[in-house]
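A structural walkthrough
Chain by chain, the residues:
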Amino acid sequence: MPVEGQVLGGKYRLERLVGSGGFASVWAARNILLDRLVALKILNESYARMPGFLPRFLREAKLSSRAIHRNIVSVEDIDQTPEGIVFLVMELLQGHTLADEIKGGQSLTLERSLEIIEPTLEGLEAAHKLNIIHRDIKPANIFLTDGTMAGPRVRILDLGLAKDLVHDDELTSSDQMVGTPSYLA
C-alpha cells in the first residue's frame, strides 16, 4: 500500500490521497525533477497480480495517452516500481466529480446540465471517431474542474474499461459484463 512521502519511479513523491476505488487509488504527487504536481493512478496490489488486470491498465494508459480530446483526461506515462507497484501518471485536476455534485439529491438546472453534457458528448464523439468506446460513463467518471485550471471545465475519466474496436486484443470475453450495472444502458 502506497504511503504519503513515498517516491515512486525515482521521481514521483506521493503528497496526498485524492480518492480510491475498487481497482486503484489516485494520489496527488510531485514530480521532484520538474517540481510539478501530477496525479498518479496506482493499481491496487491485489489486482496487479490478477490475470487480465495489468493488460487492462496498460490499455487505459495507451488509449488515454493518445490525446483523444481535450475533454478526456490525459495520461503522460506509465511505470512499475521494482516492488511491483504499477501506476499511471496523469494531469492533476482540481474540482469534483459529477457524482459529488449530485450527491445531495438536488436536481441540476437545464443550463448546468448542458454545461456538462455538451463537452462530455464532444469527448465521447472524438473517442468514437477513433473507434474507442468508453463503456463506463457514469457521474463518477465525469470530472468538473473548479475553474482554477487552464483548459476545459469537463473531463472524462477512467478509460480502464474502454474498448478499442480496431486494435483491441479481446481482454473481455463475450460472456463477461463490464461497467457499472446501473449505468450499462
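Procedures and definitions
Just so you know, the residues in each chain are numbered from 1, in the order the chain's sequence is written. Residues qualify for local features only when their pLDDT is at least 70, as the model is predicted, and side-chain atom pairs are given and counted only at 80 or more; totals for whole chains, interfaces and linings, by contrast, use all residues. Calculated side-chain values reflect all of the structure's heavy atoms, with hydrogen atoms and water omitted. Confidence per residue, as judged by the predictor, is encoded in pLDDT with a range of 0 to 100. The way it works is that DSSP assigns letters per residue, a run of H or I at least four long becomes a helix, a run of E at least two long becomes a strand, and they are numbered from the N terminus. Note on contacts: a residue pair is in contact if any heavy atoms of the two residues lie within 4.5 Å. By definition, two strands form a pair when at least two bridges between them are found by DSSP. Between N-to-C directions, angles cover 0 to 180 degrees, with each direction set by a line fitted to C-alpha atoms, over the stretch in contact for helices. The span you would expect from a helix comes to 1.5 Å times its residue count less one. Think of it in three bands: with a 1.4 Å probe and only protein chains considered, a residue is buried below 20% of the maximum accessible area for its type, exposed above 50%, and partly exposed in between. N or O atoms within 3.5 Å of each other form a polar contact, as long as, within protein, one can give a hydrogen and the other can take it, and as long as residues adjacent in sequence are counted only when both atoms are side-chain atoms. Take a side-chain nitrogen of Lys or Arg and a carboxyl oxygen of Asp or Glu: if they are within 4 Å of each other, that pair is a salt bridge.

Further remarks concern the confidence of the model for the chain. A residue-level look at the chain finds 89% of positions with pLDDT of 70 or above and a mean pLDDT of 84. Mean pLDDT values over the elements of the chain span from 74, in helix α2 (residues 53-64), up to 96, in strand β1 (residues 7-8). Every residue in residues 171-178 is under pLDDT 50, and counting partners more than four places away or in other chains gives 11 contacts.

Strand order in this open sheet of 3 strands is β7-β9-β10, and the pairing throughout is antiparallel. Every other strand in the sheet has two partners, leaving β7 (95-97) and β10 (154-156) as the edge strands with one partner each. Ignoring strand direction, the axes of neighbouring strands in this sheet form an average angle of 25 degrees. Here β7 pairs with strand β9 (residues 142-145) via 3 bridges, running antiparallel. Within β9, the residue paired with Thr97 across the bridge is Phe143. Sheet strands touched by helix α4 (residues 110-129): β9 and β10. Its angle to β10, the strand with the most contacts, is close to 45 degrees.

Bringing α4 into the picture now. For α4, built from 20 residues, the straight-helix expectation of 28 Å at 1.5 Å per residue is met to within 8% by its first-to-last C-alpha distance of 28 Å. Taken residue by residue, α4 has Ser113, Ile116, Pro119, Thr120, Gly123, Leu124, Ala126 and Ala127 as its buried positions. Looking at the buried positions of α4, the neighbouring elements they touch are α3 (98-102), β8 (132-133), β9 and β10. Positioned one or two residues after α4, Asn131 has a phi angle of 65 degrees, which is positive.

For His69, the location among the structural elements is in the loop between α2 and β5 (75-80). Judged by relative accessible area, which is 22%, His69 ranks as partly exposed. Setting aside residues up to four positions removed in sequence, His69 forms contacts with Glu122, Gly123 and Ala126. Side-chain polar atoms of His69 contact the backbone nitrogen of Asn71, separated by 2.9 Å.

Before going further, it helps to spend a moment on the pattern of salt bridges. A complete count under the given rule lists 10 salt bridges for this structure. As a salt-bridge pair, Arg112 and Glu101 come within 2.8 Å of each other at their nearest N and O atoms. With Arg112 in helix α4 and Glu101 in helix α3, this pair connects stretches of sequence that are 11 residues apart. The shortest N-O distance in the salt bridge between Asp136 and Lys138 comes to 3.6 Å. Given a relative accessible area of 7%, Asp136 falls into the buried group. Through salt bridges with shared partners, a single ionic network connects Glu15, Arg30 and Asp35.

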